[in-house]
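Structural overview
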Amino acid sequence: MVKSFELILDEDDDGVYAISLVDRPAIQENWIALSESHKIEFKEIDFKENILIGAVLIPDLEIDRLDENKEIYKVHFSGETIKKIAHKFMIQGYQSESTLQHKTKVKGVTVVETWLKEDMIHDKSVKYGFDYPINTWLVKISVDNEEIKEKVKSGEIKGFSIEGFFNQKSEDQKLFEQLKELLTN
């Protein structure tokens, strides 16, 4: 059986410190690039607006990870934790902290808007054609870096991935806490 962990935020020490532009996002969701006419185009991208829009974290989505022994385990974030992460990211001023493939720091890539999905019908994400659950963290990123623009146009990079530190809670710990809460109430 594959181990599963909920990633949680220690508000003093943990959090997201950068957003990476990657070819294979762990959340398995690609961004969209806005054209001058604001039409959503998934293939031939007219990238004149230099804006990327997409999900950064999706609540309760199980993400495969490898441990130091190359064994697969799964992690996920609750909607409440995602809210805290998104707010802390902005409060700490990390909007211009970006990397390419989690390796190289890049300049000219800036989060210009961020929001948490709050409504299934009237949320801005619906306008862009996304169908994410409530508390999904989405960003709009401006790209003023020619090398990155070319990688977006060519399809070499397709989505976002976070860089950060988190604590983890095993499913056993989570069940124990739920049982303890039931027994004390």
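Coordinates for the structure precede this section.
Residues numbered from 1 in each chain as written. Predicted model: local features only at pLDDT ≥ 70, side-chain atom pairs only at ≥ 80, totals over all residues. Heavy atoms only, no water.

1. Points about helix α1 (residues 79-91)
Heads up, the rule is: We count a stretch as a helix when DSSP gives it H or I for four or more residues in a row; a strand needs E for two or more, and each element gets its number in order from the N terminus. Every helix has an expected span of 1.5 Å times one less than the residues it contains. A 1.4 Å probe rolled over the protein chains alone gives each residue an accessible area, and that area as a share of the maximum for its type sets the label: buried under 20%, exposed over 50%, partly exposed in between. Only heavy atoms enter the contact rule, under which two residues are in contact if any of them lie within 4.5 Å.
With 13 residues, α1 should reach 18 Å at 1.5 Å per residue; the first-to-last C-alpha distance of 18 Å fits that figure. Considered for burial, the residues of α1 that qualify are Gly79, Thr81, Ile82, Ile85, Ala86, Lys88 and Phe89. On its buried face, α1 sits against β1 (4-8), β2 (15-22), β5 (51-57), β7 (72-77), β10 (109-116) and β11 (137-143).

2. Remarks on the side chain of Ser20
We apply this condition: We define a polar contact as two N or O atoms separated by no more than 3.5 Å, with the added condition that, inside protein, one atom must be a possible hydrogen donor and the other a possible acceptor, whereas residues neighbouring each other in sequence contribute only through side-chain atom pairs.
Position of Ser20 among the secondary structure elements: in strand β2. Look at Ser20 and you get buried, because its relative accessible area is 0%. Of note is the side chain of Ser20, whose polar atom sits 2.8 Å from the side chain of Thr99. A polar atom in the side chain of Ser20 sits 3.3 Å from the backbone nitrogen of Gln101. Excluding residues that lie within four positions of it along the chain, Ser20 makes contacts with Thr99, Leu100, Gln101, His102, Gly159, Phe160, Ser161 and Glu163.

3. Re the environment of Asn50
With respect to the helices, strands and loops of the structure, Asn50 is situated in the loop between β4 (40-41) and β5. Between the alpha carbons of Asn50 and Ile141 there is a distance of 8.2 Å; along the sequence they are 91 residues apart. In contact with Asn50, other than residues within four places in its own chain, are Ile141, Ser142, Val143, Asp144 and Lys149.

4. Section: the side chain of Lys117
Our working rule: Just so you know, the count uses Lys and Arg for positive and Asp and Glu for negative, and it drops His and the chain ends. Salt bridge, as used here: a side-chain nitrogen of Lys or Arg that lies within 4 Å of a carboxyl oxygen of Asp or Glu.
On the secondary structure map, Lys117 appears in the loop between β10 and α2 (124-127). Among buried charged residues, Lys117 stands out as having no salt bridge; its nearest opposite-charge side chain is Asp131, 4.6 Å away. If we ignore the near neighbours within four places in the chain, the residues touching Lys117 are Asp123, Ser125, Val126, Phe130, Asp131, Tyr132, Pro133, Ile134, Asn135, Thr136 and Leu138.

5. Considerations on the nonpolar core
In plain terms, the rule: For this analysis, a nonpolar core means a set of buried residues of the types Ala, Val, Leu, Ile, Met, Phe, Trp, Tyr and Cys, connected via side-chain atoms within 4.5 Å.
In this structure, Trp137 and Ile148 are the most contacted members of the largest nonpolar core, which totals 31 residues. Counting nine residues, the second largest nonpolar core, distinct from the first, contains Ile51, Ile53, Ala55 and Ile58.

6. Considerations on the environment of Asp60
Take Asp60: it is sitting in the loop between β5 and β6 (63-66). Owing to a relative accessible area of 53%, Asp60 belongs among the exposed residues under this scheme. In this structure the C-alpha to C-alpha distance between Asp60 and His76, which are 16 residues apart in sequence, comes to 5.2 Å. Residues in contact with Asp60, not counting those within four places in the same chain, are His76, Phe77 and Ser78.

7. What to know about the sheet that holds strand β8 (residues 98-100)
The condition that has to hold: Paired strands, in this sense, are two strands between which DSSP finds at least two bridges. As a rule, the C-alpha atoms of each element are fitted with a line to give its axis, helices using only the stretch in contact, and angles between N-to-C directions run from 0 to 180 degrees.
Read across the sheet, four strands follow the order β9-β8-β2-β12 without closing on themselves; strand pairing throughout is mixed. Each of the sheet's edge strands pairs with one partner strand only, and the pair in question is β9 (104-106) and β12 (159-165). The sheet shows a mean angle of 40° between the axes of neighbouring strands, taken without regard to direction. Sheet topology places β2 next to β8; three bridges connect them, and they run parallel. Within the sheet, the bridge partner assigned to Ser20 lies in β8 and is Thr99.

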